[in-house]
Each structure stands twice: as structure tokens, then as C-alpha cells.
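Working through the structure, step by step
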Amino acid sequence: FAPLNRHHAAFTHIDSSVSSLAEEKSSPDDAPKEISYSTILKVIDEQHHIQSTTSCTYLPRETAPIDCGGSPETKPPSTYQHPATPVLSPGAVNALRLAAERYFDANGRMMGQSTASLEDILSFISPGHDAETAIKLELANSLTQNIYPLVRSAWANDKAFTFGNADTADTNAAPLLSVTSATVFASGGHSGAKVSLTTLERDAGIFVVHIDLGNEEQLSGFLDESLAKGGIYFESLVYDSDRVTDSVVRPINPGQAVVHKSDERTAAIITPSNIRELEQKDNRQTLDTLMRRQLLKTAESTRHYALRLVLTTNQSASKTTSIDSAESQIVYPEAPPAERAYRLRNFARLKDDRVRYLTLAGLIDVNDHETHLWLGFDYLSHIDNPEYKVDIEQRLSDINKAIFHLGKAAALNPTDPRVHFQLATVLGAKMECEKSTPNHIETNGRSLEQYTEIAAALGKSALCESAAVKLGISGVQDLTSCLNALAQTLCEMGDFSTAIKVIDQWAECGSVRSALAIEDMSISATEDIPSYEWLSSDATGKKVALRTVGDSPLFNDDDISLLVSAADRSFAQANGKQLSRYTMQYVGNSEVHLDDLCANDHVLKQRIDHILQNRVYPLVRQSFAEDDQGGELPAGPLCVYDSIFVRYNGDEAVLAGRVGASQPLHQDGGIYSVNVALNSHKDDDVNGFSGGGTFLEGLSRDEISCIQRPVSPGHALLHHTTARHAGAPTTSGIRDILVIFLTARHPQDISKSESTYRVERPMRLQTIAKQLPRDKLIPCLELAREHDPLNSEMSYWLGVHLLQGDSSDQSDQRWNEICRGVDVLQTATQLNPTDARAHFHLGMAIASRHKYAMRTKRAHLLPPPGEAAEALIYSFESAIRLEQVCDEAGCKNGINIPAAYLALGDFMGRLRNYPKALEYLEQVEGAIASSESEEDWAMSMLEETASISNFCRSEMQQDSSLV
Ligand SMILES: O=C(O)CCC(=O)C(=O)O
Ligand SMILES: [Fe+2]
């Protein structure tokens, strides 16, 4: 979550020019790097003046301040003005929009969000010069007669009109309005189009005039019935996540304007005309509402245009003649405080001593929340920087400064989700920091209070962020991070029931992330659903995966070449830069998200949507309905959680000294995984790859290979995301696959009670649990297990953590924990009989329980020795055998086999079965040798093995001498 990533592109050029100009102008007295404040401000004033007097000169400046009368003191500042009368005639609107269409066509940018300066667009007005002049004249008139007077009266009290010496009677010095930039925006009209024409952010300048230019439908005369209308989202108007349409100013009809301060965070959007009714009809506590779907559909249906004018104020420059020279020198007047602060912030961004300039910006414009956010963020990034080594007091002081500024930012702009998120982050840092202070006394009350404060900040952040997500303006990335942090905080507080609700929202975010088509449950498949067969395990009786077979693969040859060439282009563009978002990234692997490929390629997107809708979704519905282990199919529509094009380059991996290009054993995200082959194995095609395939753990006890590949390119393997699997090493050539992870949306029919995120919820709980202190970790894993009793992973981790307790604790509670650990691991091995780790840890758990019982005088509570030995031997031998299979496939778990032999030997020794003990102990050395480990543990393990072996031998001798 980087709140400062979104900068206004129009202003990036200022940074370097201010900085170089300032350096040029700084007097020799200035310290080498430290440019004085007055120098900087002089440069900023000059730049502002030049910019505001030389850009858009074809649009008139305000000529004289108009006295708007009234008593401005009593008027509260307006958020926006939306006059009913249009500021541009239908003729001008249509001419401008047509010119924009032609301009964007000519520049080959008809897709996505487009922007161009008004000046460029004007030159595309047909039929020629006259029309252009007429439109300029109309714009000029509406500025001087409508817009300037409106701005003056609505914000009469604004600093932009009262700064500097504006108070004096000198009317020449009064700040006057002018246009500093005029831009035309367009968006929409294609599959996967964005709802917003402009990015959600604050603008440059002081005021923004937004003029709607309508959409293509306007031409056909449907002006009033037109479904798509312009609107503006005002972040400051968000107050309730269930009535997000209250934060949208709309409809803005073609030619109509909305005026607001630049410091409002806004986004121009395309909205369906019945957006309010839609919201009222379907106001559930979900992101995926009828309204959001309709918003996205509307944006896809038409291309919408708008014109934005950025206004500022300036005073006229005066000339002074110095005594020594005959030449007169221009003295630039002060820029309005908001402009100075805005430019200072941009300048500060490039500086190491940012805080200095930001502080100055804060002094110049005390009410600008953005400056406080940047200051807070800057202190926070200090704290996060591992190289910033300071004592704890300095650290706390930085943290407190960050809290001060972020608190201030939150008070000035309570609806900015970035502020609340950063505030939560810094409050968390403060908690950590206080814990490490020497005199810290941990009190539960205090930390609960702190957690509550953090959760509240995250809650506010999520509320504001989700409004923009519900309106289709923002992607889910920030909301996802925020909800994840909130769920984690709630778990830390021990409030698991609220955490689960938040996790469901988090999972829903995942379901709306992709722009790819969701399942349309109202239509039945129009094409033949591919045939398929199950890959079942004879050994365990479970259905492990299925593969498509027959003449009708998921992807035909054309689909494959379309997809592969899109990926090729993307890889070439990335030019060797790591594209991976995986945490486990191995040499030779590259990946690109299908969503990213589709965002730039609408032919591909349409094709993929078609395949999903007609083949993938029906296939999943049909095939997994027969599956008895996965629970019910989702009642809501299936959708894409994520989809990744993975390229394994075997040659590259081998060159780097690896067996091949691979992925370790794992579970996926979402509910179902669809793994499509995009090229051939060497067996069928000399140009293909060797090695490679999907390692399916569930088959590792069977005769058939546990590495499986689809029957041919375009065909697929499908499995539950919870079925553990790996990418087996591709040892030569290139293996391309497309993996599609599916999840589901909530059912449209609210009365259908079902748990859409039944599988994903406990998976997230489990991930969160692993970061919690033990007293919260265990209950959190218990809960995860309750929510998905069929997922062996939950039992496995619960068992592992139950065993890892305080070994000096001799209480009954600890004893019960150990016994429960054994039980739970037993369940894990029953749920997943092919999990080598689970068997290994069960063996270890039985051994630990035995030792603990002996040490704490609880031997009478143990099961009979023979039974224990049998269980122990079975566990370890299963673990060893399974791990061998994994190892041969190049996908090992990495469990400690020598330790298994040692534990077996030790246990047998304790049961006085010395020959058996020695048999196991003899295997330790060989196992260490083949594990290629040079770590310290190997040495001490050998010593321990030797000492137990000696003990066994001497006992055996004694036994035989007794005979
Ligand atoms: O290489 C394979 O077939 C496995 C790919 C996979 O598991 C994944 O990308 O999540
Ligand atoms: Fe996977």
C-alpha cells in the first residue's frame, strides 16, 4: 500500500525544473545543498506566474474582481457547484466530442482512458477555422460570464482571493482567475472498460471546472433517454458505505459543468442513469452489487468524454528599475498559498531532506491535508527503513510525529482511506516500539486499547476505500490489504467472530478483482462441454484431479497462439525484469497475469471470456458436481480469482545449476484450479519440453505416475485448490501453461443461504494465525479447522503448533495439548494420507508424547507400547516412502529423514527392542549423506545416534550375558 504512488502526471515536470532553477539562483552564501526557503519560494512564485499567464492564452483571464455582495463570512465553504444551466451549447459539445474522437482515432488511442490537451483537440475541429474560432469564443464567454463569477461567489472567502496584499485598496493587486490547463478526457466503450475517466486524486491548481461532453449516443438524438451519464465521485461526500451514490454528483448532462476546489479528491465517472434505484434495490453488505455490475456494463457500452479546466489565481507582475542598471526587472508576485504548498510538495519529493520543505508547505497552507499525509508518511518510512538505526527514544519521537501529522490529516480530510491506513500502520509501529522499551510493562488493557484504535483506523480506511470500489472507480488492491490488516488486528485482539466477517469481505475482494467474465447462470452452455476423466487414487480411493479428453479441448490452436503471442510481447517488453508476483520464485520461471494481458488486448479478452463462459464454467459445474469430497458447488456465479500465464524455461534453470524449472508443493488460492497446457511435451513433439508437468501429491501412493500432463495442448487438468501439488521440474525446453484459479460471487438471490467463501476463509485464517502469538495462534487455527474440517492443512498446522509448546511446563494443560496435538495430526494423515509432512510430524508427536509422559510420571496414561510403536513406525515409514516419491519427482517437502530414523531408533531403544533400534539407527548416516546437508545439526545428530547405538549394544551384551 503506497499512498503516494498516485501523482498528478501533469505536474511531474515541475520537480526537476524548480530544483535546477533554484540551484541556479541560490546565492553563493547558501549552504551547498540547502537552498534557502526564500529562494525556493521565489522560483515557485515565478513558475506559477509564468505558467498561469502563458498557458491556455486562447482562454481569457478574469478582468476585474466582481463584488458578489452578501457576507461571505457566514457562508460555509461549498464542496462543489453544479449549476443547472449548461455552460456550452449542444453544438459546441458535439463539435468538441467529435473532434476528440477524431484526434484519439488519429493517435491510435481509442482504448482505455485517453487524455489530450484542449488545444490539440481544437485543431481537429471540422470543417475549419471558423468553427474553431466559434467554439473558442463560446468557451471564452462562458468563462467570463458564468464560470468566473460563479467561482468568485461560491468561494469568496478562499485564500486564493485574499492572499498577499489583496486586502489593500489596490485593486490592481487583486488576484484574478485564469485557466492554467485544459484537458479532454475519454473512457469506456470496450470490453473491460474503466468506469472512471480520470484517476481518483486531487488536481493541480486551485479550482477545477469539469464540463461534460457526453457520449456517442448523443449523436443519435437520444439525449434524454441516454443510459450513460457523466458524474463525479467526491471522496469527501462518502459517509456511509451503503449509500455510496450520495458521493456521486450526477447527472451531469452534456454541456453542464461542475466546479470544485482542486484539493477535493475526485474522479470523473460514467454512470447508468438509474444508478440510485439500482443501489436501493440491492443494498447488501457486499461489493458485488447489481449497481456495480451495471456501472461496469455501462462503461463498456459507450465512450464518454469530458473537458476539465484547471483554474488558478494570480496577481499582476510589477516592474522595478534598479538604480545601477537601466534595464527594468520583473518582480513576480506571490503565488496563492495552495499553489505554493502544492509545488513545494512536488519539489520535496525528490529531496533527501524532504521534511524541511514539507514543513514549510504545512506552514504556508495549514489546511492542506495532503501535506500532513506526506509528512506522516515520511516519518513512517524512516521508521520502516532498516538502515535508519536510531535509539528507541528517537524512534518513538519519529513515530509520535507521524501520528501527529496523520491525525491532523485525518481531521482535515476524514474520508481519505490512505490517511487512515497509514495511521493504523504507525499506531502498530508505536505498539511494537513501546514493547521493546526497557521499562515496558505489558498490560492487557493497554494493548487492547491500542488494538482497538488500530482496528478503528483500518475500519475507516476500508469504509472509504470500499465506496470507490463499489462504484467501480478503484481496483481492489488497497481494500484487500486494508481488510487483511484489519482481520489480522482483530485476531490479535482475539475477536475472531468479527475477523471472520472481515475475511469474507477480503475473499469477496478477490472475487471481484478480475475483469474477466463471470459465469452467466441464466444461459446454458452453447458449445460442447469438453469430455473429461477423473484421475482417482486406487490407494486412497480419492478423486485427485480430472483431465479433459477428446477432440474438443478448452483452447483451440488459434486461442493458444493468440494467448502465447500476447505473453511473448509482454515478456519481451519486460525485458528480463522479474515479472513474478509469487513469493517463491525459482530460476527459469516467468509469469504474467492474464488480466494484464487482456487489459491491452480486447480481442484476447473477448476470446477468453467466451472460453470461460462456454467451456470452463460449464465444465467445472458439471465435473465437480460428481465430486463427493469438495462439498457443494457455489450457489453464486463462478468467476476468476486470478489467472497466470507461467513459462518454465528448463534450459535456463539447468544452466543455473538446478534440476529444472519448477514450483514447490503448494495449495492455490480460490476454489478450483484449471491448468491448461499450451505446448507439447517432447514425447509428442520434438519442439516441446522434457520433464515438467503437474505433480499431484494425491497420487503419490499409486502405481500411476504422480506427475500428470494434459493430453495435448489446449487440454487441461482441473483440481480443488486445496489439493496439494507442485510444478515438476521442466528439464529442457520451454513449458507454457495457463493456470486459472476460480472462485465465486455471492448468489444474486439473497434468500439463498450459503457460504461462498467456505474454502477460502479458513485458508486466510491459517495464514494469519501463523503470525500470531501462541495464545491467539492456537484458537485461530482451531477456528480455521472448524470452518473447513475437510482441509487437512488446518489439522496439520494445528497439530504442529500444539506440539511446539513449553517443554518445561509439566501441567495437565500442557499434557492435554500434546495429546490433542497427536490426535489432530492423526486426523491430518487420515484426511490426506499422502502428506509426507503430516506423517512425519505425527511420528514426532508420538515420540514427544512418550518422552514427556516418562519425564512427568504419566507413563500410565500412555497407550500400550506395542500400539504406540506400530503407530510410530507406520507414520515414519509412510513419511519416508512418500518423501522418496516426492524427491524422485523433484518436488520434495524437505522433511528431515535422518531425524525420522533417529526418532525410530530412539523409540525402539526405549521399548528395549535393541536389534530393531540398531537397524533404524544404522540408516541415519546414509540418510544424512543423501540429504546433502552440511548443517550443524547433522554432526550433533550423528553424535546422538552413536551414543544411542552404543547404549543399545551394551544393553544387548548385558542381556546376552545374563542368559
Ligand atoms: O506446473 C504446473 O503444472 C503447476 C502450476 C501451479 O501449480 C501453479 O501455477 O499454481
Ligand atoms: Fe498451483
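Structural notes, computed from the coordinates. (Residues numbered from 1 in each chain as written. Chains lettered and ligands numbered in written order. Predicted model: local features only at pLDDT ≥ 70, side-chain atom pairs only at ≥ 80, totals over all residues. Heavy atoms only, no water.)

**Examining the coordination of the iron ion (ligand 2)**
Around the iron ion (ligand 2), the protein supplies H666 (NE2), D668 (OD) and H725 (NE2) as donor atoms, at distances of 2.1 Å. Donor residues for the iron ion (ligand 2) sit on one chain with the sequence pattern H-x1-D-x56-H. (Donors = N, O, S within 2.8 Å, 3.2 Å for Na, K, Ca; no water.)

**Points about the environment of S700**
Tracing the backbone shows S700 in the loop between β19 (694–696) and β20 (707–708). On the basis of relative accessible area, S700 is assigned to the buried category, the value being 6%. Separated by 182 residues in the primary sequence, S700 and L882 place their C-alpha atoms 6.6 Å from one another. Leave out the neighbours within four places in its chain, and S700 touches F695, C706, T834, L882 and V885. Side-chain polar atoms of S700 contact the backbone oxygen of E697, separated by 2.6 Å. (Helix = DSSP H or I, 4+ residues; strand = E, 2+ residues; numbered from the N terminus. Buried < 20%, exposed > 50% of the residue type's maximum accessible area, 1.4 Å probe, protein only. Contact = heavy atoms within 4.5 Å. Polar contact = N/O pair within 3.5 Å; in protein donor to acceptor, adjacent residues only side chain to side chain.)

**Digging into the packing of aromatic side chains**
Tallied over the full model, the rule gives 15 aromatic pairs. Here the aromatic rings of F571 and F645 are separated by 5.9 Å at their centres, their planes lie at 65°, and the arrangement is edge-to-face. Of this pair, F571 sits in helix α17 (residues 557–574) while F645 sits in strand β15 (residues 638–649), and the two are 74 residues apart along the sequence. Just as F571 is buried, F645 falls in that class too. Cluster of aromatic residues (ring-pair linked, three or more members): Y103, F104, F124 and Y305. Geometry around W534 places K543 over its ring, the cationic atom sitting 5.4 Å from the centre. The side chain of K770 reaches across the aromatic face of W797, ending 3.7 Å from its centre. (Phe/Tyr/Trp six-rings, centres within 6.5 Å; stacked < 30°, edge-to-face > 60°. Lys NZ or Arg CZ within 6 Å of the ring centre and 35° of its normal.)

**Notes on the side chain of S55**
Mapped onto the elements, S55 comes out in the loop between α2 (37–54) and β1 (80–81). Overall, S55 belongs to the buried group, its relative accessible area being 19%. Only 2.3 Å separates the side chain of S55 from the backbone oxygen of Q51, close enough to count as a polar contact. Beyond its immediate sequence surroundings of up to four residues, S55 is in contact with I50, V179 and T180.

The analysis is restricted to geometry; functional conclusions fall outside its scope.
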